[in-house]
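So you can see what is in the structure, the chains are spelled out below.
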Amino acid sequence: MTAELNLQKIQGDSALRGLGPLLRRENRKWWRGRRWLVQVLIWVLLLDGLLAFALYILPQMAAAKDAAMTAQDALGTGRQMFFGLGTIALAIGAMVLLQDAIIEEKNSGTAEWVLSKPVSRTAFVLAKLLANGLGMAVTMLLIPGAIGYALFRSSDVSTITLAQFLTSWGIVALNLLFYITLTLLLGVLLNARPPLLGITLGSLFGGTLVPIAAIVQFTPWKLGELVLLPVMGMPLPPIAITMLVSTAVWSILFIIIAIWRFNRQEF
Amino acid sequence: MSNFVIETTDLSKTYGNVTALEGLSLQVPKNAIFGFLGPNGAGKTTTMKLLLGLIRPTSGRGHIFGHDIATENLAIRTRIGYLPQQPTFYNEMTARETLRFAAGFFYSGPKAQIEARIEETLRLVGLEDKADRPVGGFSGGERQRLGIAQAQINYPDLLILDEPAAALDPLGRRDVLNIMERLRAYTTIFYSTHILDDVQQVSDTVAILNHGRLVTQGPIDTLLNGNGRTIFSATLRGDTHNLYQTISRQPWVENITSLPQNGVTRWQIDVAGPEETAAENQLFRLLAQDEQVVVTAYGRKKFELEEVFMQLVEGDNHDR
């Protein structure tokens, strides 16, 4: 046998032990195959495609039918599609992509196998969060966002500044983070996909129907209404701070609870 | 420093009202191939998962290499390799990538040495020619071999194998047993199985578990010699009536079981434990001196593991 002496052993029992190989495996799922390309195509076609349609094709179609549609109207429709639809569609995308991330590993037995190695359970959850977070940030936010900003800037009537765009896109990103962390937490807590999708979709669509402002202000449920204000040149209302901070706090709490719970689960 | 790699004391695990493991006190000696036997549902997998820290004990304690299984499990897992009952890997990875992934939890470099170790491990389990095929297309036997390969990628001091040959055909089983034999020189192997032939072939120490309780444990030779009982068997031809009376009167005879079969009579003579030497000295002489009887076969009874297993498990079932 080859002597083990020649190999450099990983020492210590830190809370992040095993994060490196786990991250490499998760990143590989995103970047080594076609997954990243498929995601980029989906989101560019959906968000930027609809934005381009609203900015450049819709006015021509309206003109062909002798309907009145100004460039400002087209810009408004484009904003609504890009940011409004983006808020909802990206959250659904996160749910679809992450629904299996932990449940599948628990049910198939790969989690049991991996956790029999010197791996901390905290590292297992963090690897899912970090790699998927990066993958989604690049394919769902960065690339479609950059193309979207370029499309807005190319419009004759658009006065959207970079700061305004980034503020609105930041709200979309925060909403996405909330659903990434919620889906991961539910993946830890549950063993089947239907209840996971039920809860996350229920939050996304049912939350907007909750009429009690005292509750809603501590949730991301009305972020879809806030998201258009910065790109329309309007200031965010004071309650927006509570909503944004609460959403960020919820996301952090979801991760803490997911790690805590995963450390106590049996396989 | 203890000579035992695994030591558990009153280790128990319950799920609600169901007791999966009850008061298990086990000692696995260093460099043993320790067969952990029991019917389905006896608690073998539960025990292994407790040792690996995948589940937590309800009560009792356990130590591996002197580390507590409940509080120092990460340190334990740096020195062991584990093959689950149904090995599942990431289907998109090749066998080589799977081993590279597993090695990444133990070694940081040098890369060339890690690759050499992977190559060596692939050779050990006979997967060199399938090394670059995705695991998703592997047969059950190939998966099992890969399972063994990944379990020992880190030169483990202890290999825990859960039913390593259960899903394999006879050739696959033989291969797995050969691999275990080869690894014996480097490591302690603690494995569960219900294939008793395999245990008899490779194990030196065994424990039998039934309904979550330990029925017996010890060296396999002791178990096959009757686990403290001394039994002689004799095959006789002729009229055995008088001889039966003579032998029965001996103070060291506990019981004689007589079974007529195809013109001969087979006797099984149970000897009282402390009188083993007296029986050895006198029994054959007594049998041979009876002129009405011809002794066609005689010897100390060697048990088959299956026989011992069935006796112990059924005995335990009756005691419940």
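Just so it is clear, the model here is predicted, and its values are computed rather than measured.

Can you walk me through the overall build of chain A in this structure?
In terms of regular secondary structure, chain A is built from 12 helices and 1 strand. In chain A, the succession of α and β elements from N to C terminus is β-α-α-α-α-α-α-α-α-α-α-α-α. In chain A, buried positions account for 39% of the 267 residues. Within chain A, contacts between residues at least 6 apart in sequence are counted, and of these 81% link residues at least 24 apart.

Looking at this structure, how should I read the packing of helix α3 (residues 95-103) of chain B against helix α4 (residues 111-124) of chain B?
Packed helices, taken two at a time, are described by the angle between their axes plus the distance between the axes. Residues and elements named next belong to chain B. Put simply, α3 and α4 touch, their axes get as near as 10 Å, and they point 125° apart. When the axes of α3 and α4 are compared, the pair comes out oblique. Note on packing geometry: the crossing formed by α3 with α4 is right-handed. Of the residues in α4, those touching α3 at A95, R96, L99, R100 and A103 are I114, R117, I118, T121 and L122. Of the residues that constitute the contact of α3 with α4, the class distribution is 6 nonpolar, 1 polar and 3 charged.

What is the right way to look at the sheet that holds strand β5 (residues 67-68) of chain B in this model?
Across a sheet, strands are paired by hydrogen bonds formed along the backbone, either parallel or antiparallel in direction. Taken in spatial order, the 4 strands make up an open sheet running β2-β1-β4-β5 (chain B), and their pairing is antiparallel. The open sheet has two free edges, formed respectively by β2 (18-29) and β5 of chain B, since each of these has just one partner strand.

Explanation requested: unusual backbone geometry in the structure shown.
Residue and element names in this part refer to chain B. Cis geometry is found at the peptide bond from G109 to P110, where omega equals -10°. Position of P110 among the secondary structure elements: in the loop between β7 (107-109) and α4. At N31, a residue that is not glycine, the phi angle is positive and equals roughly 65°. Mapped onto the secondary structure, N31 falls in the loop between β2 and β3 (33-37). Of note in the backbone geometry, H211 takes a positive phi value of approximately 50° without being a glycine. In this structure, H211 sits in the loop between β10 (205-210) and β11 (213-219). Exposure remark for H211: the 18 C-beta atoms within 10 Å place this residue in the partly exposed category.

Just to check I follow, could you spell out the interface of chain A and chain B for this structure?
You'll often see interface size given as the accessible area lost when the parts meet. With 27 residues of chain A at the interface, the matching set in chain B holds 30 residues. Those elements giving two or more residues to the side of chain A that touches chain B turn out to be β1 (8-9), α1 (19-31) and α5 (110-115) of chain A. Here the side of chain A that touches chain B gets 4 residues from one element, more than from any other, and that element is α5(A). Along the lines of polarity and charge, the residues of the side of chain A that touches chain B split into 9 nonpolar, 10 polar and 8 charged.

What exactly am I supposed to notice about the domain arrangement of chain B here?
For chain B, the domain assignment lists domain 1 (4-224) and domain 2 (230-301). Inter-centroid distance (C-alpha atoms) of domain 1 of chain B to domain 2 of chain B is 44 Å.

Sorry, what's going on with the sheet that holds strand β15 (residues 293-300) of chain B here?
All names here are of chain B. Pairing within the open sheet is antiparallel, and its 4 strands lie in the order β13-β14-β12-β15. Here the strands that pair on one side only, and so sit at the sheet edges, are β13 (253-261) and β15. When strand polarity is set aside, the average angle formed by the axes of neighbouring strands in this sheet is 20°. Summarising the sheet, strand β12 (residues 230-238) and β15 pair through 7 bridges and their orientation is antiparallel. The residue of β15 that forms the bridge with A234 is Y298. Here helix α9 (residues 241-248) sits on the sheet and contacts β13, β14 (264-271) and β15; the angle it forms with β13, its principal contact strand, is near 160°. The sheet strands contacting helix α10 (residues 276-289) are β12, β14 and β15, and the helix crosses β12 at an angle near 0°.

Teacher, can you tell me more about helix α12 (residues 238-264) of chain A here?
An α-helical segment advances 3.6 residues per turn. Residues three or four places apart therefore align on the same side. The terminal C-alpha atoms of α12(A), which comprises 27 residues, lie 40 Å apart, in line with the 39 Å expected from a rise of 1.5 Å per residue. The inward-facing, buried residues of α12(A) abut α6 (121-154), α7 (162-189) and α10 (223-226) of chain A.

Would you mind going over the nonpolar core with me for this structure?
Generally speaking, soluble globular proteins have nonpolar side chains that are buried together. Within the largest apolar cluster, 140 residues are counted, with the highest numbers of intra-cluster contacts made by A:L176, A:L184 and B:I160. Counting residues per element, this core draws most heavily on α7(A), which supplies 15 residues. Apart from residues no more than four positions distant in its own chain, A:L184 is found in contact with A:L98, A:A101, A:I102, A:V125, A:K128, A:L129 and A:A258. With 13 residues, the next largest nonpolar core counts B:L236, B:L243, B:I247 and B:L287 among its residues.

Scoring rules and cut-offs
Residues numbered from 1 in each chain as written. Chains lettered and ligands numbered in written order. Predicted model: local features only at pLDDT ≥ 70, side-chain atom pairs only at ≥ 80, totals over all residues. Helix = DSSP H or I, 4+ residues; strand = E, 2+ residues; numbered from the N terminus. Buried ≥ 20, exposed ≤ 12 C-beta atoms within 10 Å, placed from the backbone. Contact = placed C-beta atoms within 7 Å. Axes fitted to C-alpha atoms, helices over the stretch in contact; angles between N-to-C directions. Parallel < 35°, antiparallel > 145°, perpendicular 65-115°, else oblique. Left-handed = near helix turned anticlockwise from the far one by under 90°. Nonpolar A, V, L, I, M, F, W, Y, C, P; charged D, E, K, R; others polar. Pairing = 2+ DSSP bridges. Domains from an automatic or database assignment. Expected span 1.5 Å × (residues − 1). Core = buried A, V, L, I, M, F, W, Y, C linked by C-beta atoms within 7 Å.

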